[in-house]
Amino acid sequence: MSAQQDFTTTLQLSSAGDMDKAEDWIRANIRGRWAVEFLGMEEKLDPGLNRRSQVLHVSFRFGLREDLERFKRDYAGIKTPGSPTPATAGAKRPVGKAAAVKPKSKGIFAWLRS
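Residues numbered from 1 in each chain as written. Predicted model: local features only at pLDDT ≥ 70, side-chain atom pairs only at ≥ 80, totals over all residues. Heavy atoms only, no water.

Trainee: Explain the pattern of salt bridges to me, please; I cannot follow it from the model alone.
Mentor: Pairing between side chains becomes possible if they bear opposite charge and their charged atoms approach one another. The final tally for this structure, using the stated rule, is five salt bridges. The salt bridge partner of Asp24 is Arg27, with a shortest N-O separation of 3.3 Å. Placement of both Asp24 and Arg27 in helix 1 (residues 16-29) is noted, with a separation of three residues, approximately one turn of the helix. Residues Glu37 and Arg61 are paired through a salt bridge, measuring 3.6 Å at the closest nitrogen-oxygen approach. On the criterion of sequence distance, the pair formed by Glu37 in strand 2 (residues 34-46) and Arg61 in strand 3 (residues 51-62) is long-range, its members being 24 residues apart. Look at Arg61 and you get partly exposed, because its relative accessible area is 31%. (Salt bridge = Lys/Arg side-chain N within 4 Å of Asp/Glu carboxyl O. Helix = DSSP H or I, 4+ residues; strand = E, 2+ residues; numbered from the N terminus. Buried < 20%, exposed > 50% of the residue type's maximum accessible area, 1.4 Å probe, protein only.)

Trainee: Hey, could you run me through the packing of aromatic side chains in this one?
Mentor: For any pair of aromatic rings, the description consists of the separation of the ring centres together with the inter-plane angle of the planes. As enumerated under the stated definition, the model contains five aromatic pairs in all. Both rings, one in Trp25 and one in Tyr75, keep their centres 5.7 Å apart while their planes meet at 50°; by these two values the pair is tilted. Taken together, the residues Trp25 in helix 1 and Tyr75 in helix 2 (residues 65-75) connect sequence positions 50 residues apart. On the accessibility criterion, Trp25 (10% relative accessible area) is buried. Considering the side-chain rings of Phe60 and Phe71, the 4.9 Å spacing of their centres and the 45° angle between planes classify their relative orientation as tilted. Residue Phe60 is located in strand 3, and its partner Phe71 is located in helix 2; the two are separated by 11 residues in the primary sequence. The exposure class assigned to Phe71 is buried, which follows from its relative accessible area of 0%. Ring-pair connections join several aromatic residues into one group, and the members of that group are Trp25, Phe60, Phe62, Phe71 and Tyr75. (Phe/Tyr/Trp six-rings, centres within 6.5 Å; stacked < 30°, edge-to-face > 60°.)

These values are about where atoms sit, not about what they do.
Here it is as structure tokens:
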């Protein structure tokens, strides 16, 4: 008898609609068991745009390691060991750790900070 083990990844999404898109992708592409858990919300300030936005923290659990790896690589765009490049497959990339890109600073202040 083999023990069941869950494989988990946590993402930050910009809206409930993004969570729905992730669940739709999972239904179409995942073979094993899976679950999604809403962990909470936080308000973040985007310093470049000087806007506040709500960020959803969501945990995705998969019963099969290969399902987790497929989700991370093909949906979330997270590079996993052994995967050459993430395939986007038309999926919108989530906001947060998976999509953290530091905006390029401009002007003399950027030069002074470097």
